Amino acid sequence: MRRGWLLVAVVGALVSGVPTMAVAEAREGISISEGFQKLWKETGIYRFFNPQSAEEKEAAYRSALAKTVDAEIAAGHFAGVVKVLGDAAAHGVPEAELAPYRVQLAAAREKGFKEQALLPKGVGQFIMIFVGLGLIYLAIAKGFEPLLLLPIGFGAILTNIPVAGIAAEPIPGQPGGFLHYFYTVGVQSGVFPLLIFLGVGAMTDFGPLLANPKTALLGAAAQFGIFLALLGAVALGGLFSLEDAAAIGIIGGADGPTAIFLASRLAPNLLGAIAVAAYSYMALVPIIQPPIMKLFTTPEERAIEMKQLRPVSKAEKIVFPLMVLVICLLLLPSATPLIGMLMLGNLMKESCVVDRLSDTAQNALINIVTIMLGLAVGSKLAADKFLNVQTLGILGLGLAAFVIGTASGVLLAKLMNKLSKDKINPLIGSAGVSAVPMAARVSNKVGLEANPQNFLLMHAMGPNVAGVIGSAVAAGVLLALVS
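Everything quoted here is computed from the prediction, not taken from an experiment.

> What's the story with a nonpolar patch on the surface in this structure? I'm lost.
A surface patch of nonpolar side chains, amounting to about 960 Å² of accessible area, comprises Trp40, Ile45, Phe48, Phe49, Val319, Met323, Val326, Ile327, Leu330 and Leu331. Elements with a minimum of two residues in the nonpolar patch: α3 (44–49) and α19 (314–331). Here the element with the most residues in the nonpolar patch is α19; it accounts for six residues. Considering the arrangement of structural elements, one finds phenylalanine 49 in helix α3.

> How should I be thinking about helix α21 (residues 355–378) in this particular structure?
In an α-helix there are 3.6 residues to a turn, and that puts residues three or four apart on one side. In this model α21 runs 33 Å from its N-terminal to its C-terminal C-alpha over 24 residues, within 8% of the 34 Å that 1.5 Å per residue would give. For α21, the principal kink sits at alanine 361 and spans about 45°. Against the buried residues of α21 lie α8 (146–159), α9 (178–188), α10 (191–203), α15 (256–266), α16 (271–283) and α20 (336–351).

> Would you explain the side chain of serine 430 in this entry?
Here serine 430 lies in the loop between α23 (389–419) and α24 (438–450). Judged by relative accessible area, serine 430 falls into the buried class, the value being 0%. Once you skip the residues sitting within four places of it in the chain, serine 430 turns out to touch Gln289, Met293, Thr406, Gly409, Val410, Ala439 and Ser443.

> For this particular structure, what's the right way to read the nonpolar core?
Generally speaking, nonpolar side chains in soluble globular proteins are found buried as a group. Formed by 114 residues in total, the largest nonpolar core has its most connected members in Ile274, Ile339 and Ile394. No other element matches helix α25 (residues 457–482), which puts 16 residues into this core. Setting aside residues up to four positions removed in sequence, isoleucine 394 forms contacts with Phe240, Ile248, Ile251, Leu270, Ala273, Ile274 and Ala277. Grouped together as the second largest cluster of nonpolar side chains are 13 residues, Leu65, Val69, Val81 and Ala88 included.

> So what exactly am I meant to see when it comes to the pattern of salt bridges here?
Pairing between side chains becomes possible if they bear opposite charge and their charged atoms approach one another. Enumeration according to the criterion identifies 11 salt bridges in this entry. For glutamate 58, the salt bridge identified is with arginine 62, shortest N-O distance 2.3 Å. One end of the pair, glutamate 58, and the other, arginine 62, are both in helix α4 (residues 54–74), four residues apart, so they sit about a helical turn from each other. The closest approach of N and O atoms between glutamate 316 and arginine 310, which form a salt bridge, is 2.9 Å. The class of glutamate 316 is partly exposed, set by a relative accessible area of 29%. Owing to a relative accessible area of 39%, arginine 310 belongs among the partly exposed residues under this scheme. It is possible to trace a salt-bridge network through shared partners that takes in Glu58, Arg62 and Glu97.

> Sorry, what's going on with the environment of phenylalanine 144 here?
Mapped onto the fold, phenylalanine 144 is located in the loop between α7 (121–140) and α8. Apart from residues no more than four positions distant in its own chain, phenylalanine 144 is found in contact with Leu138, Ala139, Leu149, Ala283, Pro286 and Ile287.

> Just checking my understanding: could you explain the packing of helix α17 (residues 285–295) against α24 for this structure?
The description of two helices packed together rests on the angle between their axes and the distance between the axes. Where α17 meets α24, the closest approach of the two axes is 10 Å, and the angle between their N-to-C directions is 50°. Classed by the angle they form, the pair α17 and α24 counts as oblique. In the packing of α17 onto α24, the handedness of the crossing is right-handed. From α17, Val285, Pro286, Gln289, Pro290, Met293 and Lys294 reach across to α24, where they touch Met438, Ala439, Val442, Ser443, Val446 and Glu449. The residue makeup of the contact of α17 with α24, split by class, is eight nonpolar, two polar and two charged.

> Mind showing me how you'd approach the packing of α20 against α25 here?
α25 packs onto α20 with a crossing angle of 155° between their chain directions and a minimal axis gap of 9 Å. With respect to α25, the element α20 is oriented roughly antiparallel. On α25, the residues touching Leu338, Ile339, Leu342 and Met343 of α20 are Val468, Ile469, Ala472 and Val473. In the contact of α20 with α25, the residues fall into eight nonpolar, no polar and no charged.

> Explain unusual backbone geometry here, please?
As a rule of thumb, non-glycine residues mostly have phi less than zero, and peptide bonds are mostly trans rather than cis. In this chain, valine 436 is followed by proline 437 through a cis amide linkage whose omega measures -10°. With respect to the helices, strands and loops of the structure, proline 437 is situated in the loop between α23 and α24. With a phi close to 70°, valine 163 is a non-glycine residue in the positive phi region. Mapped onto the secondary structure, valine 163 falls in the loop between α8 and α9. At cysteine 352, a residue that is not glycine, the phi angle is positive and equals roughly 60°. With respect to the secondary-structure elements, cysteine 352 resides in the loop between α20 and α21. Judged by relative accessible area, which is 46%, cysteine 352 ranks as partly exposed.

> Which parts of the structure should I look at to understand α24?
Given a rise of 1.5 Å per residue, 13 residues ought to cover 18 Å, and the 19 Å separating the end C-alpha atoms of α24 matches this to within 8%. Among all positions of α24, only Met438, Ala439, Ala440, Val442, Ser443, Asn444, Val446 and Gly447 are buried. Close packing links the buried residues of α24 with α8, α16, α17, α18 (299–302) and α25.

> Explanation requested: the packing of aromatic side chains in the structure shown.
Each aromatic ring pair is described using two quantities: the centre-to-centre distance and the angle formed by the ring planes. In this structure the tally under the stated criterion is five aromatic pairs. Here the aromatic rings of tyrosine 281 and phenylalanine 402 are separated by 6.5 Å at their centres, their planes lie at 5°, and the arrangement is stacked. Of this pair, tyrosine 281 sits in helix α16 while phenylalanine 402 is found in helix α23, placing the two residues 121 residues apart along the sequence. On the basis of relative accessibility, which here comes to 10%, the residue tyrosine 281 falls in the buried class. Residue class for phenylalanine 402 comes out buried when judged on its relative accessible area of 0%. Stacked on the ring of tyrosine 183, the Lys or Arg lysine 380 has its end atom at 4.0 Å from the ring centre.

> For this particular structure, what's the right way to read empty space enclosed by the protein?
The probe, sized like a water molecule, is rolled over the atoms to show the empty space still left. One pass over the full model with this rule turns up one cavity of 30 Å³ or more. Approximately 30 Å³ is the volume found for the largest cavity. Broken down by secondary-structure element, the contributors of at least two residues to the lining of the largest cavity are α8 and α21. In terms of residues, the lining of the largest cavity owes the most to one element, α21, which gives four residues. Its residues assigned to classes, the lining of the largest cavity comprises five nonpolar, two polar and no charged.

How each quantity is defined
- Every chain is numbered on its own, with residues counted from 1 as its sequence reads.
- Two thresholds apply to this predicted model, a pLDDT of at least 70 for residue-level local features and 80 or more for giving and counting side-chain atom pairs, whereas whole-chain, interface and lining totals are computed over all residues.
- Based on all heavy atoms of the structure, the side-chain values leave hydrogens and waters out of the count.
- Patch definition: residues above 30% relative accessible area lacking any salt bridge, with like charges linked at up to 9 Å and the nonpolar side chains Val, Leu, Ile, Met, Phe, Trp and Tyr linked at up to 5 Å.
- All accessible-area figures derive from a Shrake-Rupley calculation using a 1.4 Å probe, and residue coverage is judged against the displayed protein chains alone.
- For this analysis, a salt bridge means a side-chain nitrogen from Lys or Arg found within 4 Å of a carboxyl oxygen belonging to Asp or Glu.
- Put simply, DSSP marks the helices as runs of H or I at least four residues long and the strands as runs of E at least two long, and each gets a number from the N terminus on.
- Multiplying 1.5 Å by the helix residue count minus one yields the expected span of that helix.
- For a residue, the bend is simply the angle between two axes, fitted respectively to the seven-residue segment ending there and the seven-residue segment starting there.
- Here, residues are in contact when the closest pair of their heavy atoms is within 4.5 Å.
- Working definition: with a 1.4 Å probe on protein chains only, accessible area under 20% of the residue-type maximum means buried, over 50% means exposed, and in between means partly exposed.
- Working definition of a nonpolar core: buried Ala, Val, Leu, Ile, Met, Phe, Trp, Tyr and Cys residues. They are joined through side-chain atoms within 4.5 Å.
- Orientation is described by lines fitted to C-alpha atoms, with helices fitted over the stretch in contact, and by angles between N-to-C directions that extend from 0 to 180 degrees.
- Should an angle fall under 35 degrees it is called roughly parallel, over 145 degrees roughly antiparallel, and 65 to 115 degrees roughly perpendicular, with every other angle called oblique.
- The hand of a helix crossing depends on one turn: near helix anticlockwise from the far one by less than a right angle means left-handed, and clockwise means right-handed.
- Classification used: nonpolar for Ala, Val, Leu, Ile, Met, Phe, Trp, Tyr, Cys and Pro, charged for Asp, Glu, Lys and Arg, polar for all others including Gly.
- Classification of ring pairs rests on two measures: the distance between centres of Phe, Tyr or Trp rings, Trp counted by its six-membered ring, which must be within 6.5 Å, and the angle between planes, read as stacked under 30 degrees, edge-to-face over 60 and tilted in between.
- In this scheme, Lys NZ or Arg CZ marks a charge over a ring once it lies within 6 Å of the ring centre and within 35 degrees of the ring normal.
- In this analysis the probe radius is 1.4 Å and the grid spacing 1 Å, with only protein atoms considered; a cavity is a set of points the probe fits into but cannot get out of, a pocket is an open set with protein on both sides within 12 Å along at least five of seven lines, and lining residues have an atom within 4 Å of a point.
- Grid points are joined across faces, edges and corners, and a volume is the space filled by probe spheres set on the points.

In structure tokens:
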């Protein structure tokens, strides 16, 4: 029991202390102690005894209004700004406070929205159609996560067809393209990520993590790339704000739903590019991770065989999702939408009393949402939105975060192997990123290449599912600190 509480404390320190220090470094005029104070005021424990006041709610509304106006103007959605300001007036925001936004909107309209595309639109569309075909080729011929790459690639082709307007916004007298509604209703609102987490929870077996709890540390270590990418984005000479940087950094967790959830709240103007980057790197795990794993391990380490995991009781599996939910709501309520849906799905599976709901969540529901989500993400591969300097920066930072996260997990696993009584194959550290179960499969495959008798899949699932929780917690911490 004592070791269990120690593990909770260490993981908590990793997923809260590191982002607090990173945000403190990135934001001028805030100390690390102030960051922890802000984080404390966002805990459920604090809020149970100090409910949010009317003034705090209004301040949060004003902050969200300012961010939304800036994001809509940056994206050239002037009609969206008009609607937002109309809603704010109906909410009771005085005209004196709305006037600066109207001036900002008028100036943007007068200046005109200029696309920052690197190529002429026709040429860019032609190139992006071939990119879509390339993604479909990887899905069908190479088998690289076809559930993701095939709909994303097809969505990319559809959105770049001239005149068809398949992803176009509505105009007076005409509805928008169907991909526009997929994106607006499911991605921009954050509904699809939550439904995906419900399905993932219903398909996830936390048994390997419960059988070997110390692998949770590997799931936490793999999140380091998130916070280093955050600092890198802030350092890019004003190209990204702190909110943008936080949303970009989460790509390093290789968790598409979490990236969408955080970006929709912190950087809605970058949501499309972040979603594409996150899902692209998730799908390309079999290509990106093996060279990094082999770089930081020796053939002897890759051949290490781990002892069989202990059996996990049904009671443990039922208590675990409830315990995680309670800890989350007490310490980090901002992460409970993601964690709550993940644990609900898992509880439905493990309780064995709602088999129809569990079956729907892990089959029909998640399949339908995956189709719509893949097409919606692919719709953001429009040439005029994707082929620009900012998107290239997001792709580069996201890749750096993913590489650092993979390397961090492997290096910590190497250290744990040296210090642990039972041997730990460092390859399972790479599974700490939350691409489930892709990263665990890659760890198993590389292990089998070194030793045909080395079956690491179940061992790698421990850090893999811990990474899902870790990335959601990291997103909650960033949301609490930055928003």
